[in-house]
Amino acid sequence: MKHLLKSSLLLLSLVFYTHNAKSQLDTTEIGLVLSGGGALGLAHVGVIQYLEELGIQADRIGGTSMGGIVGGLYAIGYKVEDLKALAVDQNWDYLLSNELERKEVPFRLKNAQDRYLLTLRREDKAIQLSEALVDGINIYQLLQKLCSPATTTRNFEDFQKPFYCVAVDLLTGEPVVLDEGYLADALLATMAIPGLFQPVLINDYLLVDGGVLNNFPVNEMRNKGADLVVGVKLIDKNYGQGRKGLSNIITKTYDVIMQSARSLYEGECDICIEVDVTGFSAADFDQADSLIARGYAAAVKMKEELLPLKRTQLYSSFGKQKISAPSSVLIKDIIIEGNATFPKDVVLQSLDLENKGEYSLVELQTAVKKLQASGRFDRVYYELPSEKNEQAFRIKVDERNNDLLKLGLNYDSDFGAGILINPILQNSLGLGSLLDVEIRLDRNPYLVANYQINTLKKLTPEFELGVNSEEYYDYQDAEDFESSRLVQAHGRFGANWHPNNSMQFKLGLEGQFFGLSENARRDVFQGFGTDLWNYYFQFQSDYFDRTLYPKKGGYTDLRAKLITSNFLDYFDNSPVLWLSGSHLQVVPITKQTQLLLHTQIGHSGENIAPQYDFYLGGLMAHRRSNFVPQLGLLPMRFQAQNAASLQASLRYDLSEKHHFYLKYGTSVVNNTFEGLWSDRWQSGVGVAYALKTPIAPIELHLSSLTSAFNLVFLLTAGFDF
């Protein structure tokens, strides 16, 4: 009996001790700190997953860079499954690029998206590179969408789990704790790696990635009141070993320099989960699954240390409701900041928003994308309405007032190497002015200067001056030809109308002035000193989803000229009508297969010089509007006043970088329109392979006529211009 009483007392005391310890734990605030590391930070998702499986919930979240992003989303209520899906399903190549959604890009900028290798800026009378490789607009748009549940919550203490992240102020050289304001801006700042992303302006701070000085903000967590801190560090056991190359040397040097500075700010946590990320790099976003698994495995190894943190209830976050995104937002005012050049009403027109109204978050984001894509602003930040600013939609713009110098290179085996130089002067000739000069240096050089008053409106006046020198071939047999060179200058005055970003109309007056080189056939071309005065019209539409290797959409180019010698007649004869029309349609068949259909037709009136004829042969139809492509023929093999062509290609995308084509084409040129249907059409077949390199695309084309085998080879490297 005495033994039984003794055992019962011991059992009761153990129960009381366990309950007392559990009660103390229930009132202990646990902080979770997540370090930075680019793509490596996706491992934090795996750690959080295991903590939840153990029943462990942090009361506070803090982090830097990718740790800040994962922590911030977790703090506003995203579940582990949500975070895993976001990490795995994102198109990281798009997010970490300057590629804009093409449908939002103004027509005049669409083709310029993939033409240049280098862009320089002129600031303070000096030529400079851009502030960063990536402007960050794509990942900012994603953060805006993901952070929409926190739209009306500006104090991060009021999140489902109180949160902070860390950035570094370039103006003071000190770390900055971001625990209030607009969450999307804070997350963009904490991950803004210097040189890769543009610095982020928040209040009076110019902020970059917090990992520069404080990649593991434990001390800040303790200052916030956490009693116990669990930290997650990313460890590369072989970091810097056996790695060669300039980028790795720079990365290692940067890390060595920053390490001593970080030691001043980074603290020690109570429980440290070290995730082995050996074999991965900060750019391995396509390895999200594997990195999440590494984080999970690292947390499993710490099971014994973590189990005592399991408790019966949450402390600081207990009872808080999950915040959710509003389905729509009531806008009472739109505030534009930083718009020195463009008045508010013009910016609103570009946004395509009324000053007041109720909008969905998607509608507001789409409007901002249009403004960013206009090409007139380096940065567009915005804050969705909150109660604090009385339903005002606040947009902060950084106008692009500096001049640009763009450089492009290409090569093709038909016409040789070329350089494209494109200086752009913005606001130099008046507010809203845009002087765009293109200079191509190759066997067919040209210079074109286009001046517009860019008011962001749909209808704008346009002035253009240009001079070009073009070769024309006169074949003696199947391969040998004589070359003539025609020099012409032109001037245009007209108007551009853009009903939307995918369509453009041009209408106006044109003057053309011709001259000839020494070896030109003067009996064929318009002679030196000939002046022509024309009326011109052009319609273009571009619905491609992307410039290079589009997967869907179409492109149309229709041009018409009424050619005269004095705006009334053509050397005492009726004015001559010249027409050219082409359309390329991309039809998706499967996810990796597309059918490309290209049609072209042209007409040039009688009694006009051959520079207006249509030239059949080659595949470089983009060089001139009167070039007609044909597989199996050399460039400009035949010429006539009328042309018709149909080309069909089946493209298979082996990957985003490798593309394979099977081609068929048939075409005809004839001096009479009726002859297009009675004459024998040329037919050809071909294959092609395209490689999209980090610098520029490379393509190899092989083709032959179907009537006789005659292999025609074409190699191109670089962007078309």
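Counting starts from 1 at the beginning of each chain's written sequence and moves along it residue by residue. Given that this is a predicted model, residues contribute local features only at a pLDDT of at least 70 and side-chain atom pairs are listed and counted only at 80 or more, while totals for whole chains, interfaces and linings are drawn from all residues. Excluded from the side-chain calculation are hydrogens and water; included are all heavy atoms of the structure.

This paragraph deals with the overall build of the protein. Within the protein, the secondary structure is distributed over 15 helices and 34 strands. Classification of residues uses two cut-offs on accessible area relative to the type maximum, computed with a 1.4 Å probe and protein chains only: under 20% is buried, over 50% is exposed, and between them is partly exposed. Within the protein, the fraction of its 721 residues that count as buried is 52%. Whether two residues touch is decided by their heavy atoms; if any such pair falls within 4.5 Å, the residues are in contact. Considering only residue pairs separated by 6 or more positions, the protein has 64% of its internal contacts joining residues 24 or more positions apart. Helical segments are the DSSP runs of H or I of at least four residues, strand segments are the runs of E of at least two, and each set is numbered from the N terminus.

Below, the discussion takes up the sheet that holds strand β27 (residues 614–616). Strand pairing is assigned whenever DSSP identifies at least 2 bridges connecting the two strands. The sheet built from three strands is open, its strands ordered β28-β27-β29 with mixed pairing. Single-partner strands in this sheet number two, and they are β28 (627–628) and β29 (638–640).

Counting along an α-helix, one turn takes 3.6 residues, and residues three or four places apart therefore face a common direction. The buried fraction of helix α8 (residues 183–190) is high, at eight of eight residues. Those residues of α8 lying buried are Leu-183, Ala-184, Asp-185, Ala-186, Leu-187, Leu-188, Ala-189 and Thr-190.

Before going further, it helps to spend a moment on the sheet that holds strand β15 (residues 392–399). Across the sheet, three strands lie side by side as β12-β15-β14; this open sheet has mixed pairing. The open sheet has two edge strands, β12 (333–337) and β14 (377–383), and neither has a second partner. Each neighbouring strand pair of the sheet contributes to a mean axis angle of 20°, computed without reference to strand direction. Sheet topology note: the β12/β15 ladder contains five bridges and is parallel. By the bridge assignment, Ile-334 is partnered in β15 with Phe-393. For helices, the fitted axis covers only the stretch in contact; all axes are lines through C-alpha atoms, and the angles between them, taken along N-to-C directions, range from 0 to 180 degrees.

Take the buried residues of types Ala, Val, Leu, Ile, Met, Phe, Trp, Tyr and Cys, join any two whose side-chain atoms come within 4.5 Å, and each joined set is a nonpolar core. Core analysis: the largest hydrophobic core is formed by 105 residues, its most contacted members being Phe-393 and Ile-395. Once residues lying within four places of it in the same chain are set aside, the contact partners of Phe-393 are Ile-331, Asp-333, Ile-334, Ile-335, Leu-353, Leu-364, Val-368, Tyr-382, Glu-383, Leu-384 and Pro-385. One finds Tyr-473, Ala-640, Ala-643 and Leu-705 within the second-largest nonpolar core, a separate group that totals 26 residues.

On to the packing of aromatic side chains. Any Phe, Tyr or Trp ring, taking Trp's six-membered ring, that has another such ring centre within 6.5 Å forms a pair; planes under 30 degrees apart are called stacked, those over 60 apart edge-to-face, and the others tilted. One pass over the full model with this rule turns up 24 aromatic pairs. By the ring-pair criterion, three or more aromatic residues cluster together here, those being Tyr-140, Tyr-381, Tyr-382 and Phe-393. The rule for a charge over a ring is simple: NZ of Lys or CZ of Arg within 6 Å of the ring centre, and within 35 degrees of the ring normal. In this arrangement the basic side chain of Arg-492 is found over the ring face of Tyr-536, its NZ or CZ atom lying 4.0 Å from the centre. In this structure, Arg-637 is placed above the aromatic ring of Phe-638, and the distance from its NZ or CZ to the ring centre is 4.6 Å.

Within this document, salt bridges are pairs made up of a side-chain nitrogen of Lys or Arg and a carboxyl oxygen of Asp or Glu, the two lying within 4 Å of each other. In total, this model carries 20 salt bridges according to the counting rule given. Of the charged contacts, one joins Glu-510 and Arg-492 as a salt bridge, the two residues approaching to 3.0 Å between their closest N and O atoms. Taken together, the positions of Glu-510 in strand β22 (residues 503–516) and Arg-492 in strand β21 (residues 481–497) put the pair 18 residues apart, joining distant regions of the chain. Taken together, the salt bridges that share partners define one network made up of Glu-29, Arg-60 and Glu-157.

A word on the pairing of strand β24 (residues 553–564). The buried fraction of β24 amounts to nine of the twelve residues, a majority that puts the element mostly inside the structure. Note that strand β23 (residues 531–542) and β24 share ten bridges and pair antiparallel. When the bridges of β24 are listed, Tyr-536 appears paired with Lys-561. Of the pairings in the sheet, the one linking β24 to strand β25 (residues 576–588) comprises eleven bridges and is antiparallel in character. Counterpart to Ile-563 in the pairing with β25 is Val-576.

A grouping of Glu-52, Glu-53, Glu-81 and Asp-82 is seen on the molecular surface, where their side chains present a negatively charged patch. Within the residue set of the negative patch, elements represented by two or more residues are α2 (43–53) and α4 (80–89). Take Glu-81: it is sitting in helix α4. Overall, Glu-81 belongs to the exposed group, its relative accessible area being 57%. Patch construction takes residues with relative accessible area above 30% that form no salt bridge. Like charges are linked within 9 Å, and nonpolar side chains (Val, Leu, Ile, Met, Phe, Trp, Tyr) are linked within 5 Å. Note on areas: Shrake-Rupley, 1.4 Å probe, and residue coverage restricted to the protein chains presented here. In this charge count, Lys and Arg are treated as positive and Asp and Glu as negative; neither His nor the chain ends contribute. Every charge is mapped to an atom, namely NZ of Lys, CZ of Arg, CG of Asp or CD of Glu.

Once that is clear, we can look at the packing of α2 against α4. A pair of packed helices is characterised by two quantities: the angle between their axes and the separation of those axes. Put simply, α2 and α4 touch, their axes get as near as 10 Å, and they point 160° apart. Taken as axis vectors, α2 and α4 run roughly antiparallel relative to one another. The handedness of the crossing between α2 and α4 comes out as left-handed. Contact residues: α2 offers Val-45, Ile-48, Gln-49 and Glu-52, while α4 offers Val-80, Leu-83 and Lys-84. Looking at the contact of α2 with α4, its residues break down into four nonpolar, one polar and two charged. An angle below 35 degrees is read as roughly parallel, one above 145 as roughly antiparallel, one from 65 to 115 as roughly perpendicular, and any other as oblique. Crossing handedness: left-handed means the near helix sits turned counterclockwise from the far one by under a right angle, and right-handed means the same turn made clockwise. In this classification, Asp, Glu, Lys and Arg are treated as charged, Ala, Val, Leu, Ile, Met, Phe, Trp, Tyr, Cys and Pro as nonpolar, and every other residue, Gly included, as polar.

Turning to the confidence of the model for the protein, a few remarks are in order. Values of pLDDT, ranging from 0 to 100, describe the predictor's confidence in every residue of the model. For the protein, the average pLDDT comes to 83, and 84% of its residues sit at 70 or higher. This model gives residues 1–23 a pLDDT under 50, and the stretch forms three contacts once residues within four places in sequence are excluded. Segment residues 313–321 is flagged for pLDDT under 50; beyond a separation of four residues in sequence, or across chains, it makes 20 contacts in the model.

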